[in-house]
Amino acid sequence: MASSDLKSAALLDQMKTHFSTDAGKALVKKIGLVYQINLAPKKMGFNEEIYVVDLKKGEVTKGPYEGGKPDAIFSFTDEDFYKIATGKMNPQIAFMRGKMKVKGSLSAAQKFTPDIFPKPSKM
């Protein structure tokens, strides 16, 4: 992936490796959805970097999803996404506090939980 100043970018990079492990392959089989993640350095909607977490193919790519519409689109600031991905912030609470915006299928969005990320010990 192209270089980025966002600390979440490194985390997304590690997801690529995670998807090639047995645990990662099991997640892909279990979830089978495509998520687009819009990460903003400071404020949502400004200077966002877009990533696609494809849990149909087990891929993480930079740039908008090109295979139709993703199942759910999330918008976060870099800091908030990092907290959710590392289990320091509950996704439901983040949503209620406006720290996360969701477009698309809410049932698909609810499957996007911290356990799809590699555990911090592997990072």
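Residues numbered from 1 in each chain as written. Predicted model: local features only at pLDDT ≥ 70, side-chain atom pairs only at ≥ 80, totals over all residues. Heavy atoms only, no water.

With respect to the environment of Lys30
Here is step 1 of the chain: If you trace the backbone, Lys30 turns up in helix α2 (residues 22-31).
Here is step 2 of the chain: Residue Lys30 is classed as exposed on the basis of its relative accessible area, which comes to 64%.
Here is step 3 of the chain: In this structure, the C-alpha to C-alpha distance between Lys30 and Thr17, residues 13 residues apart in sequence, is 18 Å. (Helix = DSSP H or I, 4+ residues; strand = E, 2+ residues; numbered from the N terminus. Buried < 20%, exposed > 50% of the residue type's maximum accessible area, 1.4 Å probe, protein only.)

Let's talk about the packing of helix α1 (residues 7-18) against helix α3 (residues 78-85)
Here is step 1 of the chain: Close contact between α1 and α3 brings their axes to 8 Å; oriented N to C, the two are set at 40°. One element, α1, and the other, α3, form an angle in the oblique class. In this structure, α1 crosses over α3, and the sense of that crossing is left-handed. In this structure, α1 contributes Lys7, Ser8, Leu11 and Leu12 to the contact, and α3 contributes Asp78, Glu79, Phe81, Tyr82 and Ala85.
Here is step 2 of the chain: When grouped by side-chain class, the residues that make up the contact of α1 with α3 number five nonpolar, one polar and three charged. (Axes fitted to C-alpha atoms, helices over the stretch in contact; angles between N-to-C directions. Parallel < 35°, antiparallel > 145°, perpendicular 65-115°, else oblique. Left-handed = near helix turned anticlockwise from the far one by under 90°. Contact = heavy atoms within 4.5 Å. Nonpolar A, V, L, I, M, F, W, Y, C, P; charged D, E, K, R; others polar.)

A few points about the packing of aromatic side chains
Here is step 1 of the chain: Here the structure, examined in full by the defined rule, presents seven aromatic pairs.
Here is step 2 of the chain: Ring geometry for Phe74 versus Phe76: centroids 5.9 Å apart, planes at 20°, classification stacked.
Here is step 3 of the chain: When its relative accessible area of 1% is taken as the criterion, Phe74 is described as buried.
Here is step 4 of the chain: For Phe76, a relative accessible area of 1% puts it in the buried group.
Here is step 5 of the chain: The residue whose ring lies beneath Lys7 is Tyr82, and the NZ or CZ to ring-centre distance is 4.7 Å. (Phe/Tyr/Trp six-rings, centres within 6.5 Å; stacked < 30°, edge-to-face > 60°. Lys NZ or Arg CZ within 6 Å of the ring centre and 35° of its normal.)

What about unusual backbone geometry?
Here is step 1 of the chain: Backbone geometry places Asn47, a non-glycine residue, at a positive phi of 50°.
Here is step 2 of the chain: Of note, Asn47 is situated in the loop between β1 (34-40) and β2 (49-54).
Here is step 3 of the chain: Assessed through its relative accessible area of 66%, Asn47 is described here as exposed.

Things to note about a nonpolar patch on the surface
Here is step 1 of the chain: A grouping of Ile93, Phe95 and Met96 is seen on the molecular surface, where their side chains present a nonpolar patch of about 320 Å² in accessible area.
Here is step 2 of the chain: Along the chain, Ile93 turns up in helix α4 (residues 91-96).
Here is step 3 of the chain: Under the relative-accessibility criterion, Ile93 is labelled partly exposed at 36%. (Patch = residues over 30% accessible without salt bridge, like charges linked within 9 Å, V, L, I, M, F, W, Y side chains within 5 Å. Areas by Shrake-Rupley, 256 points an atom, 1.4 Å probe, with all protein chains shown as cover. Salt bridge = Lys/Arg side-chain N within 4 Å of Asp/Glu carboxyl O.)

What to know about the pairing of β2
Here is step 1 of the chain: A large share of β2 lies buried, amounting to five of its six residues.
Here is step 2 of the chain: The sheet contact formed by β1 and β2 spans six bridges and is antiparallel. Within β2, the residue paired with Leu39 across the bridge is Glu49.
Here is step 3 of the chain: Two strands pair when backbone bridges link them, and β2 and strand β3 (residues 59-62) are joined in this way by four bridges, in the antiparallel orientation. The residue of β3 that forms the bridge with Val53 is Val60.
Here is step 4 of the chain: Here β2 folds back onto β3, and the loop between the two strands holds four residues, one of which, Gly58, carries a positive phi near 75°. (Pairing = 2+ DSSP bridges.)

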